[in-house]
Amino acid sequence: MDLLNAAASPEATDLIKDGSEATFMVDVVEASQETPVIVDFWAPWCGPCKTLGPALEEAVTAAKGAVKMVKINVDEAQMIASQMRIQSIPTVYAFSKGQPIDGFQGAQPGSEIKAFVDRVIEAAGGESPGGQLDDAVEAAEDMLADGAAVDAAQTFAAILGEDPNHAGAYGGLVRAHIASGDLEQAEAILNGAPAEISTSAEVEAAHAQLELAKQAADAGPVAELTAAVEADPDNLQARFDLAQALHANGNVEEAVAQLLDLFRRDREWNDGAAKAQLFTIFDALKPNDPIVLNGRRKLSSMIFA
């Protein structure tokens, strides 16, 4: 599935070329009138250049013609290097409409390089592959919210086919399987998360949702647990179980209220289980969710009282 609806990728020779002082005006200044051009200033003796160059080429190629790249060996283009005030290498500049619009010095991780390329494309008025993938993720999230978990999973998987390290799509794929009730598959996908995104907010949220889904499978009856808590408000295990049952039934705000009450009564109960459960619930929700904002505020007020 080609989410970007792009034509066949241009030949690499059209996108990436070696430049020189003689060709700089044509390859960079004039060419950037039509398409943004990223210039990689490097030298054969530069160690970090050997890592940055290929990573930059990969990101430019993945952009499928939305940006081009010119490699300048500073040893053979000292006049250009001087005019551009190149003080250390690798140095990267991006040109649009004949002018430098962005740049950086030194080696960068792959995620930063990709973000730089996306930023250059967007600054020049284009639409980056990253931006298009984000739109696709948003569409898949809408499918998931509408209950179309299978369609959402297929879309998230297709996005990951374009960008295996897209944290939003990865977390979404896990949540789609959770919504379908396939917790084993959701856990398998989580366990296979690429190291680059394993601690991202999106993947951490999916972890939290999976944990809550597992708890829901073992949750007790709300009515009986409510009666147990009303009969003995200090029965903290019953209150904790009630919170899990409430959450399993979609009563998230009530679950948070019970956990906050438990924490108020005994914050150290069961090795701080109430606080840990609250954080699991908060992590599973969006950071700006009112339940999260109000819950964190109330928890903080008790912690620092």
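Residues numbered from 1 in each chain as written. Predicted model: local features only at pLDDT ≥ 70, side-chain atom pairs only at ≥ 80, totals over all residues. Heavy atoms only, no water.

For the rest of this paragraph, the subject is the overall build of the protein chain. Looking only at helices and strands, the protein chain has 15 helices and five strands in total. Its C-alpha radius of gyration of 26 Å places the protein chain more than 25% over the 19 Å reference for a compact globule of 305 residues. The 305 residues of the protein chain split such that 44% are buried. Excluding contacts between residues fewer than 6 apart, the proportion of contacts in the protein chain whose partners are at least 24 apart in sequence is 61%. (Helix = DSSP H or I, 4+ residues; strand = E, 2+ residues; numbered from the N terminus. Rg over C-alpha atoms; globule rule 2.2 N^0.38 Å. Buried < 20%, exposed > 50% of the residue type's maximum accessible area, 1.4 Å probe, protein only. Contact = heavy atoms within 4.5 Å.)

This next bit is on the side chain of Gln-258. Along the chain, Gln-258 falls in helix α13 (residues 252–265). Gln-258 sits in the buried class, given a relative accessible area of 19%. A polar side-chain atom of Gln-258 sits 2.7 Å from a polar atom in the side chain of Arg-239. Filtering out sequence-adjacent residues up to four positions away, Gln-258 remains in contact with Arg-239, Leu-242, Ala-243 and Leu-246. (Polar contact = N/O pair within 3.5 Å; in protein donor to acceptor, adjacent residues only side chain to side chain.)

So, on to helix α7 (residues 149–162). The end-to-end C-alpha distance of α7, which contains 14 residues, comes to 20 Å, matching closely the 20 Å that a straight helix rising 1.5 Å per residue would cover. Among all positions of α7, only Ala-149, Ala-152, Ala-153, Thr-155, Phe-156, Ala-158, Ile-159 and Leu-160 are buried. (Expected span 1.5 Å × (residues − 1).)

Time to look at the state of the cysteines. For the coordinates displayed, the defined rule picks out one disulfide. Here Cys-46 engages in a disulfide with Cys-49; their sulfurs sit 2.3 Å apart. Looking along the S-S bond of the Cys-46-Cys-49 disulfide, the torsion reads about 85 degrees, which is the right-handed sense. Like Cys-49, Cys-46 is buried. (Disulfide = S-S within 2.5 Å.)

Attention shifts here to the nonpolar core. If you look at soluble globular proteins, the nonpolar side chains tend to sit buried side by side. Phe-156, Ile-159, Tyr-170 and Val-174 are the most contacted members of the largest nonpolar core, which totals 27 residues. Of all elements in the fold, only α6 (129–145), α7, α8 (167–179), α9 (183–191) and α10 (201–217) reach the threshold of two or more residues within this core. Grouped together as the second largest cluster of nonpolar side chains are 21 residues, Leu-212, Trp-269, Ala-284 and Leu-299 included. (Core = buried A, V, L, I, M, F, W, Y, C linked by side-chain atoms within 4.5 Å.)

Here we come to the packing of aromatic side chains. Following the criterion strictly, the structure yields five aromatic pairs and no others. Ring centres of Phe-24 and Phe-95 lie 5.9 Å apart, and the angle between their planes is 80 degrees; on these two criteria the pair is classed as edge-to-face. Remark: Phe-95 occurs in strand β4 (residues 91–96) and Phe-24 occurs in helix α2 (residues 24–30); sequence separation between them is 71 residues. Summarising the burial analysis for this pair, Phe-24 and Phe-95 share the class buried. Ring centres 6.3 Å apart and planes at 85 degrees place the aromatic pair Phe-41 and Tyr-93 in the edge-to-face group. Taken together, the residues span a long stretch of sequence, with Phe-41 in strand β2 (residues 37–42) and Tyr-93 in strand β4 at a distance of 52 residues. (Phe/Tyr/Trp six-rings, centres within 6.5 Å; stacked < 30°, edge-to-face > 60°.)

Before going further, it helps to examine unusual backbone geometry. A cis geometry characterises the amide bond from Ile-89 onward to Pro-90, with omega recorded as 0 degrees. Mapped onto the elements of the fold, Pro-90 is located in the loop between α4 (78–83) and β4. You will see that Arg-85, though not glycine, has its phi angle at about 55 degrees, which is positive. When you line up the elements, Arg-85 lands in the loop between α4 and β4. Exposure remark for Arg-85: the relative accessible area of 66% places this residue in the exposed category. Not every positive phi belongs to a glycine, and Lys-97 is a case in point at roughly 55 degrees. For Lys-97, the position within the fold is in the loop between β4 and β5 (99–105). We classify Lys-97 as exposed; its relative accessible area is 51%.

Before going further, it helps to examine the pattern of salt bridges. Within the structure shown, the criterion is met by 14 salt bridges. Notably, a salt bridge pairs Asp-261 with Arg-239, separated by 3.3 Å at the nearest N-O pair. Placement of Asp-261 in helix α13 and of Arg-239 in helix α12 (residues 236–248) is noted, with a sequence separation of 22 residues between them. A network of salt bridges, in which partner residues are shared, links Asp-234, Arg-239, Asp-261, Arg-264 and Arg-265. (Salt bridge = Lys/Arg side-chain N within 4 Å of Asp/Glu carboxyl O.)

We now examine the environment of Leu-246. Here Leu-246 lies in helix α12. Judged by its relative accessible area of 5%, Leu-246 falls in the buried class. The spacing of Leu-246 and Val-222 is 24 residues in sequence and 6.5 Å in space, taken between C-alpha atoms. Those residues within four positions of Leu-246 in sequence are excluded, and the remaining contacts are Val-222, Asn-251, Glu-254, Ala-255 and Gln-258.

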